[in-house]
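What the coordinates show
Spelled out from the first residue to the last, the chains are:
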Amino acid sequence: MYLRVTQRRNRDGSTVRYYGLAENVWNTDSKRSETQVIHSFGRADQLDRAALERLVRSINRVLGDDEQVGDGAPAGTAPPDIEIDAAFEFGIPLTARHLWEELGIGPAVRDCLSKAELTAPHEAALFAMAANRLDDPGSKRACAERWLTDTAWLPEATDLTVDHLYRALDVLAVWADAIERAVFLRAADLFRLDVDLIFYDTTTAYFEIDEADETEQVWAGRLFAPLRRRGHSKEGRDNQPQVIIAMAVTRDGMPVRSWVLPGDTADVATVARIKEDLRAWNLGRCLFVGDAGMYSADNLMALSKGLGHYILAVPMRRLRDVDEAVLTRPGRYRKVADNLQAKEVVVGDGERRKRYVLCLNPEEAERQRQHRDEVLAGLRAELALLAARDAEHPKAACALLTSRRYGRYLRAGPKKIVERFQ
């Protein structure tokens, strides 16, 4: 048995500690030792010290007055006062430090700082922010003023302030390309990455500000375009300035490279730059995989340059230009899995030929058919109500035409609504 100390952090940043009498018990089912609390003494700031002293004296009586207890104190004497000033986490920073070095992030950062002849603790600041993200993600201020001072054991980052963190991010923005390349090459060698297949996608991140960035900025001799711009938000926040975050990964999900683009950049406008940047890393001949956001004539031309190959996953409704050539081509679907059937169609000849793989999910097709039948049944009921009215009903008709549920199945005729699908 032993005296067990646990602690809990409150929302205001304060720490509360608890004492309890515990022992380790072997669990035969899980095949491991588990801690079992026999008695709880309560909070440290509300501890009944007299109760603990009575427990110590009772143990000393069993051991005998002539025995030595603890670290050599005579039996029957009170234990020395022990006050815990602070407790810090060491496991997560230690693990993060090992990954930082093993993945080559630390050496890459130090090499760039050495080339720039910078002596400020930028690496310590960058590592502190990365470790904080692994442990308890928070703002830069929370990292500097709470996590580093009260939670993590990072002696090299003890004196860092929030200004150090932001200054380190400025340095990272200048050297990001070189650091990212060095880390990728290290990871490709360490994990033997298969980079013949590159998956690419984008997302958006918005800012709680009123004004978007309007002018370009020069920093460390480089020209940075205005990033926080208003555009189509995938989070439904079109009224907020945003940035586009793009990432390329391998087939196993390992990151290859990332980009931060102006918020008004359309997905179809990013492919040319992304492929050019990947070609700079000798990845120009890899197979590029994207989604429907990449599908445009300009992107297809950019992807096919230099005998490039690509795969784009696009819903059939986006392929209106090839409906006749692809959908009318004879051939049977092959069963790939219980919920997947596929058919291959090749259009054209030579290097410019295109290969289409039509995918069918029978279960999803049946679910959509049933849903469509339910919607059409409700639509017919609404149309019957309109037809039964004696007076004109332009507002009710417009409500049906603009309905998100029924509008796609209707069109407006010269004098009445016409049902498009029977």
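Let me begin by describing the structure that accompanies this report.

Focus: a positive patch on the surface
There is a patch of like positive charges on the surface, built from R317, R318, R372 and R408. Position of R318 relative to the elements: it lies in the loop between strand 12 (309-312) and helix 9 (323-327). Assessed through its relative accessible area of 38%, R318 is described here as partly exposed.

Observations concerning the pattern of salt bridges
By the definition in use, this model includes 24 salt bridges. The shortest N-O distance in the salt bridge between R186 and E102 comes to 3.6 Å. You can see R186 sitting in helix 6 (residues 162-190) and its partner E102 sitting in helix 2 (residues 91-102), a full 84 residues away along the chain. Among the residues examined, E102 registers a relative accessible area of 32% and is labelled partly exposed. One salt-bridge network, in which partners are shared between bridges, spans R97, E101, R110, E123 and E156.

Comments concerning unusual backbone geometry
Phi is positive for E117, close to 55°, though the residue is something other than glycine. For E117, a relative accessible area of 69% corresponds to the exposed category. Positioned with a positive phi, R192 is a non-glycine residue whose angle comes to about 50°. Among the secondary structure elements, R192 is positioned in the loop between helix 6 and strand 6 (197-206). Judged by relative accessible area, R192 falls into the exposed class, the value being 75%.

Brief notes about helix 3 (residues 105-115)
Those residues of helix 3 not exposed but buried are G106, A108, V109, C112 and L113. Buried positions in helix 3, seen along its axis, are confined to an arc of 165° and lie on one side of it. Facing away from the buried side of helix 3 by more than 90 degrees, the exposed set consists of S114 and K115. Against the buried residues of helix 3 lie helix 2, helix 4 (122-135) and helix 6. Of the residues one or two after helix 3, E117 is the one with positive phi, at around 55°.

Examining the packing of aromatic side chains
Applying the stated rule across the entire model yields five aromatic pairs. Their ring planes at 20° and their centres at 5.5 Å tell us that F184 and W281 sit as a pair that is stacked. Of this pair, F184 sits in helix 6 while W281 sits in the loop between helix 7 (271-280) and strand 11 (287-290), placing them 97 residues apart in sequence. Judged by relative accessible area, which is 8%, W281 ranks as buried. Both rings, one in Y200 and one in W259, keep their centres 6.2 Å apart while their planes meet at 80°; by these two values the pair is edge-to-face. With Y200 in strand 6 and W259 in strand 10 (residues 255-262), this pair connects stretches of sequence that are 59 residues apart.

Examining the sheet that holds strand 14 (residues 340-347)
Read from one edge of the open sheet, three strands run 13-14-15, paired in antiparallel fashion. Among the strands making up the open sheet, the edge pair consists of strand 13 (334-337) and strand 15 (354-360). If you compare each strand with its neighbour and ignore which way they point, the axes differ by 35° on average. Looking at chain direction, strand 14 and strand 15 are connected through seven bridges and run antiparallel. Bridged to V347 within strand 15 is K354.

Quick look at a nonpolar patch on the surface
Taken together, F88, F90, L94 and W153 make up a surface patch of nonpolar side chains, about 410 Å² in accessible area. With respect to the helices and strands, F88 occurs in the loop between strand 5 (73-74) and helix 2. Given the relative accessible area of 36%, F88 is considered partly exposed.

Reading the values: the criteria
- Per chain, the residues get numbers from 1 upward, laid out in the order the sequence is written.
- Predicted model: local features are reported for residues with pLDDT of at least 70 only, side-chain atom pairs are reported and counted for 80 or more only, and whole-chain, interface and lining totals are derived from all residues.
- Computation of side-chain values: all heavy atoms of the structure, hydrogens and water removed.
- To count toward a patch, a residue needs a relative accessible area over 30% and no salt bridge; like charges are then connected within 9 Å, while nonpolar side chains (Val, Leu, Ile, Met, Phe, Trp, Tyr) are connected within 5 Å.
- Exposure was quantified through the Shrake-Rupley algorithm and a 1.4 Å probe, taking into account, for residues, occlusion by the shown protein chains and nothing else.
- Salt-bridge detection follows one rule: a side-chain nitrogen of Lys or Arg within 4 Å of a carboxyl oxygen of Asp or Glu.
- For the charge count, each Lys or Arg is scored as positive and each Asp or Glu as negative, with His and the chain ends excluded.
- Note that the charge is assigned to NZ on lysines, CZ on arginines, CG on aspartates and CD on glutamates.
- Helix and strand definitions follow DSSP, with helices as H or I runs of at least four residues and strands as E runs of at least two, each counted in order from the N terminus.
- Buried residues are those whose accessible area, probed at 1.4 Å on protein chains only, stays under 20% of the maximum for their type, while exposed residues exceed 50% and partly exposed ones sit between those limits.
- Note that the arc is computed from the directions linking the helix axis to the C-beta atoms.
- For this analysis, residues touch if any pair of their heavy atoms sits within 4.5 Å.
- Centres within 6.5 Å are what make two rings of Phe, Tyr or Trp a pair, Trp counting through its six-membered ring; a difference in plane orientation under 30 degrees is then read as stacked, over 60 as edge-to-face, and the rest as tilted.
- Strands pair, by our definition, only if DSSP identifies at least two bridges between them.
- Only the stretch in contact is used when a helix axis is fitted, and all axes are lines through C-alpha atoms; the angle between N-to-C directions ranges over 0 to 180 degrees.

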